[in-house]
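Remarks on the overall topology
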Amino acid sequence: MAALTEGTPCWVDALLPDVEAGKRFYGELFGWTFDGGAEYTHAYSEGLRVAALAPKRDGRMPTVWGVYFATPGIVALGARIRDAGGRMVTEPLPLDGFAVTALAADPDGAVFGLWEAGDHTGFEKQGEPGSFCWTEVYTRKKDAVDAFYESVFGFQVRDLDDASMDFRVWSPAGTRAGDETAIGGRGVITNTFPAEMPAHFLSYFAVADCDDTAALATRLGGRVTEPPFDTPYGRIAVIADNQGAVFAVLAEPMAA
């Protein structure tokens, strides 16, 4: 498998108080199966690796889905993050030969992961129902955050034409900005969001039917925080799982 361009989302995991409850929720919601990992449980869709669930070691830690960006050199990337006004939350940690990981934060405090692949190269399936398909950061400091990600990862960017939305789309370094190459983006935390909402990443999973998935999540003990709505890119809902970790689901438009 060819190495991913630096800055490409390559992995997601959820930090949960109760991993067994998470397995029941996501197993029903997405049809995932799981390995027997005690400290880091991998999730599979149709036998392919799509995500992981991990236990919170401290109750003060957030219950959250985290996204990781690929890098061929995690130490050098950490230095660029600091130089660009971000900070390292955790230093690089080798994980038994399958990857070196770290957590970083942008100038507004949104936390994201870094992933230098070893044997574990990240997603084996994405962009299909039951797997990751998109991520975006939400911030109140868009100018500083835009400069940060474009400097650190060399993202090529495009602002949406819709004047009602302040949203910038990212494409990897070395590509032309556009829908065909987009891998994520930046939104703005406006006054319509709760005042206490911190800067954060929101990751999306592809589904066949957004409304059915949102209804099922509710039956499983989750909560729909943003009911299904239509966009040019598909139908979206935002959901908190049965322990409070927030994610979004996207059903792409049907082909004409």
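Anything mentioned here points back to the structure above.
Here is a short report on the structure shown in this document.

The rules we used
- Residues numbered from 1 in each chain as written.
- Predicted model: local features only at pLDDT ≥ 70, side-chain atom pairs only at ≥ 80, totals over all residues.
- Heavy atoms only, no water.
- Helix = DSSP H or I, 4+ residues; strand = E, 2+ residues; numbered from the N terminus.
- Buried < 20%, exposed > 50% of the residue type's maximum accessible area, 1.4 Å probe, protein only.
- Contact = heavy atoms within 4.5 Å.
- Areas by Shrake-Rupley, 256 points an atom, 1.4 Å probe, with all protein chains shown as cover.
- Lys, Arg positive; Asp, Glu negative; His and termini not counted.
- Charge placed at Lys NZ, Arg CZ, Asp CG, Glu CD.
- Pairing = 2+ DSSP bridges.
- Axes fitted to C-alpha atoms, helices over the stretch in contact; angles between N-to-C directions.
- Polar contact = N/O pair within 3.5 Å; in protein donor to acceptor, adjacent residues only side chain to side chain.
- Salt bridge = Lys/Arg side-chain N within 4 Å of Asp/Glu carboxyl O.
- Parallel < 35°, antiparallel > 145°, perpendicular 65-115°, else oblique.
- Left-handed = near helix turned anticlockwise from the far one by under 90°.
- Nonpolar A, V, L, I, M, F, W, Y, C, P; charged D, E, K, R; others polar.

**Examining the overall build of the protein**
- Scanning the protein from terminus to terminus reveals four helices and 16 strands.
- Across its three principal axes, the protein shows a C-alpha extent of roughly 45 × 45 × 40 Å.
- Residues classed as buried in the protein amount to 45% of the 256 residues present.
- Pairs at least 24 residues apart make up 57% of the contacts formed inside the protein by residues separated by at least 6 positions.
- As displayed, the protein has an accessible area near 12300 Å², and 53% of this comes from carbon and sulfur atoms.
- Side chains of the protein give 20 positive and 36 negative charges; the mean places of these two sets differ by 4 Å.

**Brief notes about the sheet that holds strand 14 (residues 223-231)**
- Reading across from one edge, 10-11-12-9-13-16-15-14 is the order of the eight strands in this open sheet, with mixed pairing throughout. Single-partner strands in this sheet number two, and they are strand 10 (156-159) and strand 14. Here the average twist between neighbouring strands, direction ignored, is 25 degrees.
- Both strand 14 and strand 15 (residues 234-240) contribute to a ladder of six bridges, which runs antiparallel. Counterpart to Val224 in the pairing with strand 15 is Ile239.
- Contacting strand 13 (200-206) and strand 16 (246-251), helix 1 (residues 19-30) crosses the sheet at an angle of about 10 degrees to strand 16.
- Running over the sheet, helix 4 (residues 210-219) touches strand 14, strand 15 and strand 16 and is turned about 10 degrees from strand 15.

**A look at the side chain of Thr139**
- Tracing the backbone shows Thr139 in strand 9 (residues 132-139).
- For Thr139, the side chain forms a polar contact with the main-chain nitrogen of Lys141, separated by 2.9 Å.
- Excluding anything up to four places from it in sequence, Thr139 contacts Asp108, Val145, Arg186, Gly187, Val188, Ile189 and Ala199.

**Notes on the sheet that holds strand 3 (residues 41-45)**
- Across the sheet, eight strands lie side by side as 2-3-4-1-5-8-7-6; this open sheet has mixed pairing. Only two strands of the sheet have a single partner each, and these edge strands are strand 2 (33-34) and strand 6 (87-94).
- As defined by bridge partners, strand 2 adjoins strand 3 across two bridges and the pair is classed as antiparallel. Bridged to Thr33 within strand 3 is Tyr44.
- Docked against the sheet, helix 1 engages strand 1 (9-16), strand 2, strand 3, strand 4 (48-55) and strand 5 (64-70), running at close to 145 degrees with respect to strand 4.

**Some remarks on unusual backbone geometry**
- The phi torsion at Glu46 lies on the positive side, around 55 degrees, for a residue other than glycine.
- Within the secondary structure layout, Glu46 lies in the loop between strand 3 and strand 4.
- Look at Asp96: it is not a glycine, yet its phi comes out positive at around 50 degrees.
- Within the secondary structure, Asp96 is located in the loop between strand 6 and strand 7 (99-105).

**A few points about the pattern of salt bridges**
- In the structure shown here, the tally under the stated rule is 16 salt bridges.
- Where Asp166 meets Arg186, a salt bridge forms, and the shortest distance between an N and an O atom there is 3.0 Å. Of this pair, Asp166 sits in the loop between strand 10 and strand 11 (168-171) while Arg186 is found in strand 12 (residues 184-188), placing the two residues 20 residues apart along the sequence.
- Residue classification places Asp166 among the partly exposed residues on the basis of a relative accessible area of 37%.

**Side note on the packing of helix 1 against helix 4**
- Running from N to C, helix 1 and helix 4 cross one another at 155 degrees; their axes reach a closest spacing of 10 Å. When the interaxial angle is binned, helix 1 and helix 4 end up roughly antiparallel. Considering how the two elements wind past one another, helix 1 and helix 4 form a crossing that is right-handed. The segment helix 1 lies against helix 4, with Phe25, Glu28, Leu29 and Phe30 engaging Thr213, Leu216 and Ala217.
- A breakdown of the residues in the contact of helix 1 with helix 4 according to their chemical character gives five nonpolar, one polar and one charged.

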